[in-house]
Amino acid sequence: MRTRRGASGWLFGLAVVATVGLLVLSLTVGVYDITGSEDGWRMFAITRVPRTISLVLAGAAMSMCGLLMQLLTQNRFVEPTTTGTTEWAGLGLMLVYLLSPGASIFVRMLGAIAMAFLGTFVFFLFLRRVALKSSLIVPIVGIMMGSVVGAVSSYIALRFDMLQQLGIWFAGSFTSVVRGRYELLWIVLIVTVVVFIVADRFTVAGLGKDIATNVGVDYDRVILLGVAMVSIATGVVTVVIGSLPFLGLVVPNIVSMIRGDNLRGNLPWVCLLGIAVVTLCDLIGRTIIQPFEVPVSLILGVFGAVFFVFLVLWQQRRA
Amino acid sequence: MPEAVVDIAVERRAASPATERRTTGSFPTQRARRRYVIVLAVLILVCIASTVGVMTYDNPMPFGSDGFWRIVDLRADALRVIAIVAFCQALATVSFQTVTGNRILTPGIMGFEALYVAVQTASVFYWGTEGINKITGTTQFLALAVVMVVASTLLYTTLLSGRFGDMHTMLLVGVIIGGGLASLTAFMQRVLTPSEFDVLAARLFGSIAAADDDYLDWALPISLLAGFALILRSKRLNVLGLGSHAAANLGLHPKRETMIVLFFVSVLMAMSTAMVGPMVFLGFLVAMLTYQLADTHDHRYLLPMSALVGYATLSSSYFVLRHVFYAEGRVTIIIELVGGLAFLVHVMRKGRL
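Per chain, the residues get numbers from 1 upward, laid out in the order the sequence is written. Numbering of ligands from 1 and lettering of chains from A proceed in the order in which they are written. Where local features are concerned, this predicted model is filtered to residues with pLDDT of at least 70; where side-chain atom pairs are given and counted, the filter is 80 or more; whole-chain, interface and lining totals use all residues. Calculation of side-chain values draws on the structure's entire complement of heavy atoms; hydrogens and water are dropped beforehand.

The name recorded for chain B in an unreviewed UniProt entry is Iron complex transport system permease protein, from Ilumatobacter fluminis. UniProt positions are given in the numbering used here, feature names are shortened, and annotations may be inferred rather than shown by experiment. Under the UniProt heading Subcellular location (unreviewed entry), the note attached to chain B is "Cell membrane". Checking UniProt for chain B, the heading Sequence similarities (unreviewed entry) contains the comment "Belongs to the binding-protein-dependent transport system permease family. FecCD subfamily."

Chain A carries the name Iron complex transport system permease protein in an unreviewed UniProt entry, which gives Ilumatobacter fluminis as its organism. Per its UniProt entry, chain A bears the Sequence similarities (unreviewed entry) comment "Belongs to the binding-protein-dependent transport system permease family. FecCD subfamily." Per UniProt, the comment on chain A under Subcellular location (unreviewed entry) is "Cell membrane".

Trainee: Let's hear about the pattern of salt bridges: which residues, and what values?
Mentor: All names here are of chain B. Each reported salt bridge corresponds to a side-chain nitrogen of Lys or Arg within 4 Å of a carboxyl oxygen of Asp or Glu. Across all of its chains, the model carries 7 salt bridges over all chains by this definition. A salt bridge links glutamate 257 to arginine 236, with the nearest nitrogen and oxygen atoms 3.0 Å apart. A residue pair is termed long-range when its members are at least 10 positions apart, and glutamate 257 in helix 12 (residues 254–276) and arginine 236 in helix 10 (residues 234–240) qualify at 21 residues. The buried label goes to any residue with under 20% of its type's maximum accessible area, the exposed label to any with over 50%, and the partly exposed label to all in between, with areas taken from a 1.4 Å probe on protein chains only. Classification of arginine 236 by relative accessible area gives partly exposed; the value is 33%. Of the charged contacts, one joins arginine 300 and aspartate 298 as a salt bridge, the two residues approaching to 2.8 Å between their closest N and O atoms. Each helix is a run of DSSP H or I of at least 4 residues and each strand a run of E of at least 2, with the numbering of both proceeding from the N terminus.

Trainee: Would you mind going over a nonpolar patch on the surface in detail, with residue names and values included?
Mentor: Residues and elements named next belong to chain A. Patch rule: a residue counts if its relative accessible area is over 30% and it has no salt bridge; like charges are joined within 9 Å, and nonpolar side chains (Val, Leu, Ile, Met, Phe, Trp, Tyr) within 5 Å. Every accessible area reported is derived by Shrake-Rupley at a probe size of 1.4 Å, with residue values counting cover from the shown protein chains alone. Residues Trp186, Leu189, Val193 and Ile197 make up a contiguous nonpolar surface patch of roughly 380 Å² in combined accessible area. The topology assignment puts isoleucine 197 in helix 7 (residues 187–197). By relative accessible area, isoleucine 197 is classed as exposed at 61%.

Trainee: If you had to explain the interface of chain B and chain A to someone new, which residues and values would you point to?
Mentor: Across the contact, 46 residues belong to chain B and 48 residues belong to chain A. In this assembly, chain B packs against chain A so that about 4100 Å² is buried in total across both faces, 80% of it on carbon and sulfur atoms. On the surface where chain B and chain A come into contact, there are 0 salt bridges. Nitrogen and oxygen atoms within 3.5 Å of one another constitute a polar contact, given that in protein one can donate a hydrogen and the other can accept it, and given that sequence-neighbouring residues count only through two side-chain atoms. The tally of links between chain B and chain A comes to 0 residue pairs in polar contact (both at pLDDT 80 or more). Elements that contribute at least two residues to the side of chain B that touches chain A include exactly helix 7 (167–191), helix 8 (194–204) and helix 15 (331–349) of chain B. Here the side of chain B that touches chain A takes 14 residues from helix 7 of chain B, the largest share from any one element. When residues are sorted by character, Ala, Val, Leu, Ile, Met, Phe, Trp, Tyr, Cys and Pro go into the nonpolar class, Asp, Glu, Lys and Arg into the charged class, and all the rest, Gly among them, into the polar class. Residue classes in the side of chain B that touches chain A are distributed as 28 nonpolar, 11 polar and 7 charged. What makes two residues a contact is simply this: any of their non-hydrogen atoms within 4.5 Å. Summed over both partners, buried area is the accessible surface (1.4 Å probe) that two parts give up on being assembled.

Trainee: Before we move on, can you summarise the confidence of the model for chain A with the specific residues and values?
Mentor: Overall, the predicted model of chain A reaches an average pLDDT of 80, with 88% of residues at or above 70. pLDDT is a residue-level measure of predictor confidence that goes from 0 to 100. Here helix 6 (residues 163–170) of chain A is the element of chain A with the lowest mean pLDDT, 70, and helix 7 of chain A is the one with the highest, 88.

The following block contains the structure:
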């Protein structure tokens, strides 16, 4: 046991170094010549640093959300995109925009969080009421529910001629992240800290209602707390960045394939790997069609889909 | 086909409180049979009424004049589109739900739509506004349909046979591939100029009025052929509906049969999508209504009724939206909305999947 822990501590250090390396790369990559220009360092502080910070925050928060949802639903295929949470957040954003077009980004964020909470809660209620024949059916139903909400959003968008706007909101991208426009993302840091503190309760709740109640955990309250955490993180990230599809699915699954399931032990790994994956995808997006950028959600969506298919088939083969 | 065995098995499943003598037919009681006939007759009346309504209501020309018939002729095209879409979606969904053993999924989630949208977007992405013209035309229509059918057949055959032979795996993989394609599409749409995007959006959001008439000559016979192929396989569908183990016991090759059915389903979906664009929840709405109204497991009765329900729903909402709300361009979107909400309510009320 001791040797394993020692080995994993050493590995973790290595992973941290690799991730920091990626982040440093992210700070240096860009069209604008930082070192050559007069105002280079000012630009560095205005765009590069905020962008890298938001990569860290969003990457860690969204992968953690995925892990949390998978634990609470006892289903490996659940994450904010496969339960419709992202779509609900988008609907909230849109409704706020319609009701008061001049609303501040903070108000829009509240709308997104409220709707994300409602949607995720509906999904959890549904999972509790419904007896399932197969764990694979959960993400299918979640995605269909998401597309109902998406249909509502696109109907509203079509009526008010905001369809392309909606597309831009949804596509997760770190392009527009500059100083003064990303600070709300710090909220997800609070969420991450809270999840770290109550991690053990979530683990117990993940064992099911009966066991959790037996060991003295208020199951319903823990679930409510989990849904709230996921909704806040998803709402904030959707408003500031956009959707980051499959991130919460890919990262926790890779970690648990390698390390098994232990929330407290896996959380740092999941956050770290989440940061690394988002940073890597963002770097790819920034460089392949320079001087333009590919939104990170496209790269995540395509690679995530491939990984998801692989995961499903792999699990099927083992079963 | 050992039909009697099937019927007994099926009859046991259909648990309805009946005081009458129960028979081993498609309907448990005489009353159920009478009910089916009455519902069928009412549906036919609704279909006729909405057809006549769409054609003649608010026609500015005096009845019987040349102009009157010309307008009727124009409106008849819209009705033909409605008929094809309703027929395709209804039959495809009912058969799809039977072979997947699940009454809440629709073939629309299997990535057909995503593929269609991706092809359309890609053409505007590469060729600009003219790209739309490059993919309009009968040859392109047929090519697109072939691409969709081939892609989905490949998906079914690889995922249903062999090592991963599992229905849920296939469904999930289809959904995910759709999601991946959607990401790709979203990116391309983002790069378009607003005017190009408008052209594309007009094309993508299913519009009955904007459907191309030239396609009708091809879409009509193809969907009729595929649809009747499914109706002819009704008895096999009944057996498949018992589950693959029971079906295998009764002498059917479940996987091969499933693939044949899914092939026809993908042909029907390709026709419908190419006519009016993506629709996910119309099929769900129609299938759900059909199960409620028909009250039988027998596809010889289910399939024809589903087509009628589809036509009645689509044409009457077209009529209402066009003449009461003046929103004809948005018929499909509004139906999607209603169907989607019905889906949510149904899923929440149902206790198991």
